[in-house]
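Listed below are the residues making up each chain.
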Amino acid sequence: MQNAAMNDRLSYRQLLLLAGLGVAFWALATLQIRLLPPSFSNSSWSGVIQFIASIPAGWLSVWITRRCAGLSRQQLAPGILVAGGVAMMIDGAVLNWAPQVYAPLEVTARLAAA
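Procedures and definitions
Residues numbered from 1 in each chain as written. Predicted model: local features only at pLDDT ≥ 70, side-chain atom pairs only at ≥ 80, totals over all residues. Heavy atoms only, no water. Helix = DSSP H or I, 4+ residues; strand = E, 2+ residues; numbered from the N terminus. Buried < 20%, exposed > 50% of the residue type's maximum accessible area, 1.4 Å probe, protein only. Contact = heavy atoms within 4.5 Å. Areas by Shrake-Rupley, 256 points an atom, 1.4 Å probe, with all protein chains shown as cover. Patch = residues over 30% accessible without salt bridge, like charges linked within 9 Å, V, L, I, M, F, W, Y side chains within 5 Å. Salt bridge = Lys/Arg side-chain N within 4 Å of Asp/Glu carboxyl O. Axes fitted to C-alpha atoms, helices over the stretch in contact; angles between N-to-C directions. Parallel < 35°, antiparallel > 145°, perpendicular 65-115°, else oblique. Left-handed = near helix turned anticlockwise from the far one by under 90°. Nonpolar A, V, L, I, M, F, W, Y, C, P; charged D, E, K, R; others polar. Expected span 1.5 Å × (residues − 1). Arc of directions from axis to C-beta. pLDDT = per-residue confidence, 0-100. Core = buried A, V, L, I, M, F, W, Y, C linked by side-chain atoms within 4.5 Å. Phe/Tyr/Trp six-rings, centres within 6.5 Å; stacked < 30°, edge-to-face > 60°.

Okay, the overall build of the chain next. What the chain contains, in helices and strands, is six helices and zero strands. Out of the 114 residues in the chain, the part that is buried amounts to 24%. Considering only contacts in the chain between residues 6 or more positions apart, those separated by 24 or more positions represent 64%. Of the roughly 7900 Å² of accessible surface on the chain, a fraction of 70% belongs to carbon and sulfur atoms.

Secondary-structure assignment places Thr-65 in helix H4 (residues 45-69). Aside from chain neighbours lying at most four places away, what touches Thr-65 is Leu-18, Leu-21, Phe-25, Gly-70, Leu-71, Gly-79 and Ile-80.

Here the focus is a nonpolar patch on the surface. The grouping of Leu-28, Leu-31, Leu-35 and Leu-36 at the surface amounts to a nonpolar patch, some 420 Å² of accessible area in total. Tracing the chain through its elements places Leu-36 in the loop between helix H2 (12-35) and helix H3 (38-41).

Below, the discussion takes up the packing of H2 against helix H5 (residues 76-97). One can describe the packing of H2 onto H5 by two numbers: an axis separation of 8 Å at closest approach and a directional angle of 45°. Taken together, the axes of H2 and H5 lie oblique to each other. The chirality of how H2 crosses H5 is right-handed. Listed contacts from H5 to Leu-15, Leu-18, Ala-19, Gly-22, Val-23 and Trp-26 of H2 are Gly-79, Val-82, Ala-83, Val-86, Ala-87, Ile-90, Asp-91 and Val-94. Along the lines of polarity and charge, the residues of the contact of H2 with H5 split into 11 nonpolar, two polar and one charged.

So, on to H5. For H5, with 22 residues, the first-to-last C-alpha span of 32 Å sits near the 32 Å given by 1.5 Å per residue. Along H5, the residues classified as buried are Gly-79, Ala-83, Ala-87, Val-94 and Leu-95. Along H5, the residues classed as buried sweep out an arc of 130° about the axis, all on the same side. Residues of H5 that are exposed and angled more than 90 degrees away from the buried face: Ala-77, Leu-81, Met-88, Met-89, Asn-96 and Trp-97.

Confidence in the prediction of the chain, expressed as mean pLDDT, is 86, and 82% of residues score 70 or more. At the level of individual helices and strands, the chain shows its lowest average pLDDT in H3, which scores 60, and its highest in H5, which scores 95.

Attention shifts here to the nonpolar core. If you look at the biggest cluster of nonpolar residues, it comprises seven residues: Trp-26, Ile-33, Ala-87, Val-94, Leu-95, Tyr-102 and Ala-109. Of all the elements in the fold, those that place two or more residues in this core are H2 and H5. By residue number, the principal contributor to this core is H5, which donates three residues. Beyond its immediate chain neighbours, meaning those up to four positions away, Val-94 contacts Trp-26, Pro-99, Val-101 and Tyr-102.

The full count for this structure, using the stated rule, is one aromatic pair. When the ring of Trp-26 is compared with that of Tyr-102, the centres are 6.4 Å apart and the planes differ by 70°; the resulting orientation is edge-to-face. With a gap of 76 residues between them, Trp-26 in helix H2 and Tyr-102 in the loop between H5 and helix H6 (106-113) connect regions that are remote in the sequence. In terms of burial, Trp-26 and Tyr-102 fall into one category: buried.

Take a look at the structure:
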(Lines give C-alpha, C1' and ligand atoms only; values in the text may rest on other atoms or scores of the structure.)
Protein backbone atom coordinates (compact mmCIF):
# COMPACT_ATOMS: atom_id res chain seq x y z
CA MET A 1 0.00 0.00 0.00
CA GLN A 2 2.80 2.40 0.87
CA ASN A 3 4.55 1.63 -2.43
CA ALA A 4 1.45 2.63 -4.39
CA ALA A 5 1.26 5.93 -2.53
CA MET A 6 4.92 6.63 -3.34
CA ASN A 7 4.22 6.06 -7.06
CA ASP A 8 1.44 8.66 -6.94
CA ARG A 9 3.79 11.40 -5.81
CA LEU A 10 5.05 13.89 -8.35
CA SER A 11 8.72 13.52 -9.20
CA TYR A 12 11.14 16.44 -9.18
CA ARG A 13 11.19 16.33 -12.99
CA GLN A 14 7.39 16.47 -13.14
CA LEU A 15 7.31 19.39 -10.71
CA LEU A 16 9.74 21.34 -12.89
CA LEU A 17 7.70 20.55 -16.01
CA LEU A 18 4.48 21.58 -14.25
CA ALA A 19 6.02 24.86 -13.10
CA GLY A 20 7.17 25.51 -16.67
CA LEU A 21 3.69 24.74 -17.97
CA GLY A 22 2.22 27.16 -15.43
CA VAL A 23 4.53 29.89 -16.72
CA ALA A 24 3.62 29.03 -20.33
CA PHE A 25 -0.13 29.07 -19.63
CA TRP A 26 0.21 32.43 -17.87
CA ALA A 27 2.19 33.81 -20.81
CA LEU A 28 -0.45 32.64 -23.31
CA ALA A 29 -3.25 34.19 -21.28
CA THR A 30 -1.24 37.40 -20.98
CA LEU A 31 -0.79 37.51 -24.76
CA GLN A 32 -4.52 37.09 -25.24
CA ILE A 33 -5.28 39.92 -22.81
CA ARG A 34 -2.58 42.12 -24.32
CA LEU A 35 -3.57 41.52 -27.95
CA LEU A 36 -7.37 41.57 -27.49
CA PRO A 37 -8.07 44.16 -24.76
CA PRO A 38 -11.47 45.32 -26.17
CA SER A 39 -12.94 41.87 -25.57
CA PHE A 40 -12.35 42.36 -21.84
CA SER A 41 -13.40 45.99 -21.54
CA ASN A 42 -16.77 46.01 -23.31
CA SER A 43 -19.86 43.88 -23.19
CA SER A 44 -19.89 42.83 -26.83
CA TRP A 45 -20.52 39.36 -28.17
CA SER A 46 -16.80 38.81 -28.56
CA GLY A 47 -16.51 38.70 -24.77
CA VAL A 48 -19.26 36.09 -24.56
CA ILE A 49 -17.67 34.00 -27.29
CA GLN A 50 -14.30 34.30 -25.60
CA PHE A 51 -15.80 33.16 -22.29
CA ILE A 52 -17.46 30.15 -23.92
CA ALA A 53 -14.22 29.30 -25.76
CA SER A 54 -12.38 29.22 -22.44
CA ILE A 55 -14.11 25.92 -21.56
CA PRO A 56 -12.51 23.82 -24.32
CA ALA A 57 -9.28 25.78 -23.84
CA GLY A 58 -9.30 24.74 -20.19
CA TRP A 59 -9.77 21.08 -21.11
CA LEU A 60 -7.00 21.40 -23.67
CA SER A 61 -4.67 22.77 -21.00
CA VAL A 62 -5.49 19.77 -18.78
CA TRP A 63 -4.72 17.39 -21.66
CA ILE A 64 -1.46 19.20 -22.50
CA THR A 65 -0.43 19.17 -18.84
CA ARG A 66 -1.10 15.46 -18.48
CA ARG A 67 0.78 14.58 -21.68
CA CYS A 68 3.79 16.88 -21.19
CA ALA A 69 4.38 16.00 -17.55
CA GLY A 70 3.56 12.29 -18.00
CA LEU A 71 0.97 12.33 -15.23
CA SER A 72 -0.88 9.22 -14.16
CA ARG A 73 -4.57 9.37 -13.31
CA GLN A 74 -3.73 9.70 -9.61
CA GLN A 75 -1.25 12.51 -10.32
CA LEU A 76 -3.57 14.56 -12.52
CA ALA A 77 -5.28 16.66 -9.83
CA PRO A 78 -2.05 17.51 -7.94
CA GLY A 79 -0.33 18.25 -11.26
CA ILE A 80 -3.07 20.60 -12.42
CA LEU A 81 -2.97 22.31 -9.03
CA VAL A 82 0.79 22.89 -9.33
CA ALA A 83 0.61 24.29 -12.88
CA GLY A 84 -2.46 26.40 -12.09
CA GLY A 85 -0.98 27.58 -8.81
CA VAL A 86 2.18 28.79 -10.52
CA ALA A 87 0.13 30.65 -13.14
CA MET A 88 -2.07 32.24 -10.46
CA MET A 89 0.89 33.31 -8.34
CA ILE A 90 2.50 35.01 -11.33
CA ASP A 91 -0.83 36.62 -12.21
CA GLY A 92 -1.28 38.00 -8.71
CA ALA A 93 2.25 39.36 -8.57
CA VAL A 94 1.97 41.03 -11.97
CA LEU A 95 -1.44 42.53 -11.17
CA ASN A 96 -0.07 43.93 -7.93
CA TRP A 97 3.30 45.25 -9.07
CA ALA A 98 3.13 45.63 -12.86
CA PRO A 99 -0.44 45.73 -14.25
CA GLN A 100 0.86 47.49 -17.38
CA VAL A 101 2.12 44.06 -18.51
CA TYR A 102 -1.48 43.16 -19.30
CA ALA A 103 -2.60 46.42 -20.89
CA PRO A 104 -1.40 50.00 -21.27
CA LEU A 105 -4.44 51.23 -19.33
CA GLU A 106 -4.75 50.01 -15.75
CA VAL A 107 -8.55 49.96 -16.08
CA THR A 108 -8.31 47.36 -18.87
CA ALA A 109 -5.91 45.27 -16.81
CA ARG A 110 -8.25 45.35 -13.81
CA LEU A 111 -11.27 44.40 -15.94
CA ALA A 112 -9.35 41.54 -17.52
CA ALA A 113 -8.35 40.36 -14.04
CA ALA A 114 -11.96 40.19 -12.91
